[in-house]
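Architecture at a glance
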Amino acid sequence: MAKIIRKLIFLSLIAIVAVVFYIYDAAVIPAEDVLLTNEQGQSQVTQCITQTSNAPLDRHGNLDVTTWNLYKQQSDGWDQTLKQLVERTDLLLLQEAQLSDELQSFVETQELYMLLARAFNFADEPIGVMNLTRDKALSSCVFRKAEPYINFPKSMLVSYYLLSDASQLLVVNIHSINFTFGIDEYLAQLSVVKQAMKDHQGPIVFAGDMNTWSDQRSAAIDEIVKAAGLVEAIPENDSRTTFFGHNLDHIFYRGLELVNAESIITASSDHNPVKAYFRLEKKYPVKAQSQQQDSAN
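**Some thoughts on helix H5 (residues 215-227)**
- With 13 residues, H5 extends 18 Å between its outermost C-alpha atoms, agreeing within 8% with the 18 Å of an ideal straight helix rising 1.5 Å per residue.
- Those residues of H5 lying buried are Arg217, Ser218, Ala220, Ile221, Ile224 and Val225. Buried residues of H5, seen end-on, are gathered within an arc of 160° and therefore sit on one face of the element. Exposed side chains of H5 directed beyond 90 degrees from the buried face belong to Asp215, Glu223, Lys226 and Ala227.
- Those residues of H5 that are buried are in contact with helix H4 (184-199), strand E12 (204-209), strand E15 (246-247) and strand E16 (249-254).
- At the C-terminal side of H5, Gly229 shows a positive phi close to 80°.

Printed below as a string of structure tokens:
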């Protein structure tokens, strides 16, 4: 019996080593940060893109935002779940999206505008965070941070979208680095987020798989969002994916009115999607406010 167990362990180790070698052999880590789009005549732009958009992201003041780690489309039913999310989402933020022929076909069939921050290529297919919307972003940039020990980068998109009240929505879609001791590298990746939110005066959505699986990581996120005046959209019936008792996926926001938030249980990924329903905050002209005060006096 002991010989059988030793043999099984030996074979398991061989299998693990073979998988690791396969992954490293099939993966290519580009030297440059590259932003991929499906805009006609503009297949890719190094790091940043700037465009003209005349259509607002929201629908008459309503803005539905979903974040979901797609798990590289490894689980059955991902396309059905994604289709359901697309049908009732204005801004879909994906992590671990692998731009396979199937996903490209899905994006085209649904007539979506895609932004993909390529982290690396696997089997000649780009993998990274992806924004899916009905209309183009005004601008977007990709940033990457390599995992310290395995060297595979995680990517992030910093984008700006036009809203119907003429303001611009800053959207940060992040897949945070995972395999670290301490949080120095984790904080280094977040420094880009911190600066972007500091420089922006309008509404913000900061969302994604933040890999907040420790108290230190959760505290680091909390410090950044509190400094920028963001709060979290927490589902009432919270079924978000957890690790070590911590939620991994988050939607933080500022300058929007939260109507509701939910987490959606699915077997088509190792993460459950998180969705927030927003309304644009009502803005009243200063002149109108002054007239009301004068009438009251």
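Now that the structure has been shown, we can carry on.
**Structural notes on the pattern of salt bridges**
- For the structure shown, the criterion picks out 10 salt bridges.
- Residue Lys154 pairs with Glu147 through a salt bridge whose shortest N-O separation is 2.6 Å.
- Classification of Lys154 as buried rests on a relative accessible area of 13%.
- Glu147 gets classed as buried once you look at its relative accessible area, which sits at 1%.

**Thoughts on helix H2 (residues 78-87)**
- Among all positions in H2, only Trp78, Thr81, Leu82, Leu85 and Val86 are buried. Angular distribution of buried residues about the axis of H2 spans 135°; they occupy a single face of the element. Structural note: H2 exposes Gln84 and Glu87 on the side pointing more than 90 degrees away from its buried face.

**Observations regarding the sheet that holds strand E10 (residues 153-162)**
- Here seven strands make up an open sheet; going across it, the order is E4-E9-E10-E11-E12-E16-E13 and the pairing mixed. Looking along the sheet, the strands with just one partner apiece sit at the ends: strand E4 (48-50) and strand E13 (231-232).
- Pairing between E4 and strand E9 (residues 139-146): three bridges, direction antiparallel. The residue of E9 that forms the bridge with Cys48 is Cys141.

**What about the confidence of the model for the protein chain?**
- Taken over all residues, the pLDDT of the protein chain has a mean of 87, while the share at 70 or more is 83%.
- Ignoring residues within four places in sequence, the model shows residues 6-26, a span with pLDDT below 50, making eight contacts including any to other chains.
- Below a pLDDT of 50 lies the segment residues 286-293, which in the model reaches one contact outside its immediate sequence neighbourhood of four places, other chains included.

**Concerning the state of the cysteines**
- A full pass over the atoms with the stated rule returns one disulfide.
- Here Cys48 connects covalently by a disulfide to Cys141, the sulfurs 1.9 Å from one another. In this structure the cystine formed by Cys48 and Cys141 twists about its S-S bond by roughly 115°; its chirality is therefore right-handed. A residue pair is termed long-range when its members are at least 10 positions apart, and Cys48 in strand E4 and Cys141 in strand E9 qualify at 93 residues.
- The partly exposed category is assigned to Cys48, whose relative accessible area is 30%.

**A short note on the packing of H2 against helix H3 (residues 101-109)**
- Orientation of H2 relative to H3, taken along the N-to-C sense of each, is 25°, at an axis distance of 12 Å. Put simply, H2 runs roughly parallel to H3. Taken as a pair, H2 and H3 cross one another with a handedness that is right-handed. Note on element contacts: H3 touches H2 through Glu102, Leu103 and Phe106, opposite Trp78, Asp79, Leu82, Lys83 and Val86.
- The residue makeup of the contact of H2 with H3, split by class, is five nonpolar, no polar and three charged.

**Points about unusual backbone geometry**
- You will see that Glu111, though not glycine, has its phi angle at about 55°, which is positive.
- Within the secondary structure, Glu111 sits in the loop between H3 and strand E7 (113-122).
- Owing to a relative accessible area of 66%, Glu111 belongs among the exposed residues under this scheme.

**Observations regarding the nonpolar core**
- Core analysis: the biggest nonpolar cluster contains 29 residues, and Leu115, Leu169, Ile251, Leu256 and Phe278 have the highest contact counts within it.
- When sequence neighbours within four positions are dropped, the list of residues in contact with Ile251 reads Val65, Thr67, Val205, Phe206, Ala207, Val231, Glu232, Ala233, Val274, Lys275, Ala276 and Phe278.
- With 22 residues, the next largest nonpolar core counts Ala196, Met197, Ala220 and Phe252 among its residues.

Cut-off values and rules
- Residues numbered from 1 in each chain as written.
- Predicted model: local features only at pLDDT ≥ 70, side-chain atom pairs only at ≥ 80, totals over all residues.
- Heavy atoms only, no water.
- Helix = DSSP H or I, 4+ residues; strand = E, 2+ residues; numbered from the N terminus.
- Expected span 1.5 Å × (residues − 1).
- Buried < 20%, exposed > 50% of the residue type's maximum accessible area, 1.4 Å probe, protein only.
- Arc of directions from axis to C-beta.
- Contact = heavy atoms within 4.5 Å.
- Salt bridge = Lys/Arg side-chain N within 4 Å of Asp/Glu carboxyl O.
- Pairing = 2+ DSSP bridges.
- pLDDT = per-residue confidence, 0-100.
- Disulfide = S-S within 2.5 Å.
- Axes fitted to C-alpha atoms, helices over the stretch in contact; angles between N-to-C directions.
- Parallel < 35°, antiparallel > 145°, perpendicular 65-115°, else oblique.
- Left-handed = near helix turned anticlockwise from the far one by under 90°.
- Nonpolar A, V, L, I, M, F, W, Y, C, P; charged D, E, K, R; others polar.
- Core = buried A, V, L, I, M, F, W, Y, C linked by side-chain atoms within 4.5 Å.

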